[in-house]
Structure formats: C-alpha cells, structure tokens
Amino acid sequence: MPTPQEMLERFQDSYALGDEAIDHTHREFLELCLAAANATGPEFAEAFKALFEHTSHHFADEEAKMQASGYPAFGEHRANHQRILGDMDRFCQRAAAGRAQMARAWLNDSLPAWFDLHAKTMDSALVVHLRQHG
C-alpha cells in the first residue's frame, strides 16, 4: 500500500479526479497525513487533531455536494465517512491522552489503504455524478 508521501508524489496520475475543489481537499488531506506521520512526541497529537478537524470539514463539504445534487449513493458514502471519523476521533482522543502508538499505527497502515480505495471508487463515482448533475 502506498504511503501518503507516495500518494502525493503520484497524485496527478493516481488520485486527481478532475474536480478542482475535491482534488485540492484530497491533496491537503494527504499533506496532513504526512505531517502527522512525521510528527514526534507531543506534536503528533496536535498534528493528528489537525488531520481530524480537516477530515471532518472535508467530509461535510462532500456530503453537502452529494445532498445538493441528489447523489443516489449518499447513504453508503456518508456511512463510510462516519466510520472513518469515528475511528479517527477515538485515536485522536488516545493520542491527546499520551497514548499515540495505536493512532500512529492506524495512520500509517489503515488510513492510507482506506483513502486509496475510497478516492478511486466512491469519490470517483461522486465526481462523475457531479459532472452530470452538479
């Protein structure tokens, strides 16, 4: 599975979806993932919190676009977002309490794998819908 650094390096070829706002937000997401992955000590909790806050806004923006355009897979897409936000919130709380090991492991292993699949499937389908109905 590619790392956030590798995803950023091949963003244009592998992750750019052709929607300027979504692509910009996805690039910011990966940059924040990388910043958190590279953070040490107490800075990790701060970087992870910044990632969580960005992701919350990122998902809210996407969900508003889905609702406004009548996106038929809204429920499934939103449920996927909610699962990630729930995980991220729990790990954010643990990191803030000084227990960052599991959060760091999730950030390095699970989150990139999730983003890789989510961007290439659910977000790609959303962008196609937005072009047709947005």
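Taking an unreviewed UniProt entry as the reference, the protein is identified by name as Hemerythrin-like, metal binding protein belonging to Azotobacter chroococcum NCIMB 8003. The protein has a UniProt comment under Sequence similarities (unreviewed entry) that states "Belongs to the hemerythrin family."

Glancing now at the overall build of the protein. What the protein contains, in helices and strands, is 7 helices and 0 strands. On C-alpha atoms alone, the protein measures out to a radius of gyration of 15 Å, which is about the 14 Å that the 2.2 N^0.38 rule sets for 134 residues. Projected onto its principal axes, the C-alpha coordinates of the protein cover approximately 45 × 30 × 20 Å. Expressed as a percentage of its 134 residues, the buried residues of the protein come to 44%.

Let us now look at the pattern of salt bridges. This structure, assessed with the given rule, holds 6 salt bridges. When the shortest N-O distance is used, the salt bridge between Arg83 and Asp87 registers 4.0 Å. Linking Arg83 with Asp87, this pair stays in helix α5 (residues 74-96), spanning 4 residues, or about one helical turn. Assessed through its relative accessible area of 43%, Arg83 is described here as partly exposed. Arg90 is paired through a salt bridge with Asp87; the nearest N and O atoms lie 2.6 Å apart. Taken together, the positions of Arg90 and Asp87, both in helix α5 and 3 residues apart, correspond to about one turn of that helix.

Among the nonpolar cores identified, the biggest contains 30 residues, and Phe29, Phe44, Phe48, Met88, Leu107, Leu111 and Phe115 are the most heavily contacted of them. When residues of this core are traced back to their parent elements, those giving at least two are α1 (4-9), α3 (20-38), α4 (42-69), α5, α6 (101-108) and α7 (110-133). The element contributing the most residues to this core is α4, with 7 residues. Among all residues touching Phe115, those that are not within four sequence positions of it are Met7, Tyr15, His26, Phe29 and Leu30. Ile22, Tyr71, Val127 and Leu130 belong to the second-largest nonpolar core, a separate cluster that totals 7 residues.

Next up on the list: the packing of α6 against α7. One can describe the packing of α6 onto α7 by two numbers: an axis separation of 3 Å at closest approach and a directional angle of 30°. Here α7 runs roughly parallel to α6, going by the angle between their axes. Two secondary-structure elements touch here, α6 through Ala105, Trp106, Leu107 and Asn108 and α7 through Ser110, Leu111 and Pro112. A per-class count over the contact of α6 with α7 returns 5 nonpolar, 2 polar and no charged.

This next bit is on the UniProt feature "domain: Hemerythrin-like" (unreviewed entry) in the protein. With numbering matched to this structure, UniProt assigns "domain: Hemerythrin-like" (unreviewed entry) to residues 19-126. The distance separating the terminal C-alpha atoms of residues 19-126 is 10 Å; by composition the span is 88% helix and 0% strand.

Structurally, Asp116 can be placed in helix α7. Asp116 gets classed as buried once you look at its relative accessible area, which sits at 12%. Sequence-distant contacts of Asp116, defined by excluding residues within four places in its chain, comprise Met1, Pro2, Met7 and Tyr15.

On to the packing of α3 against α4. Between α3 and α4, the shortest axis-to-axis distance is 9 Å and the interhelical angle comes to 165°. It follows that α3 is roughly antiparallel to α4 by the angle criterion. The two elements α3 and α4 meet at a crossing, and its hand is left-handed. Judged by residue contacts, Ala21, Ile22, Thr25, His26, Glu28, Phe29, Leu32, Cys33, Ala35 and Ala36 of α3 engage Phe44, Ala47, Phe48, Ala50, Leu51, His54, Thr55, His58, Glu62 and Lys65 from α4. Taken together, the residues that form the contact of α3 with α4 break down as 12 nonpolar, 5 polar and 3 charged.

The rules behind these values
- Residues numbered from 1 in each chain as written.
- Predicted model: local features only at pLDDT ≥ 70, side-chain atom pairs only at ≥ 80, totals over all residues.
- Heavy atoms only, no water.
- UniProt positions renumbered as here; feature names shortened; annotations may be inferred.
- Helix = DSSP H or I, 4+ residues; strand = E, 2+ residues; numbered from the N terminus.
- Rg over C-alpha atoms; globule rule 2.2 N^0.38 Å.
- Buried < 20%, exposed > 50% of the residue type's maximum accessible area, 1.4 Å probe, protein only.
- Salt bridge = Lys/Arg side-chain N within 4 Å of Asp/Glu carboxyl O.
- Core = buried A, V, L, I, M, F, W, Y, C linked by side-chain atoms within 4.5 Å.
- Contact = heavy atoms within 4.5 Å.
- Axes fitted to C-alpha atoms, helices over the stretch in contact; angles between N-to-C directions.
- Parallel < 35°, antiparallel > 145°, perpendicular 65-115°, else oblique.
- Nonpolar A, V, L, I, M, F, W, Y, C, P; charged D, E, K, R; others polar.
- Left-handed = near helix turned anticlockwise from the far one by under 90°.

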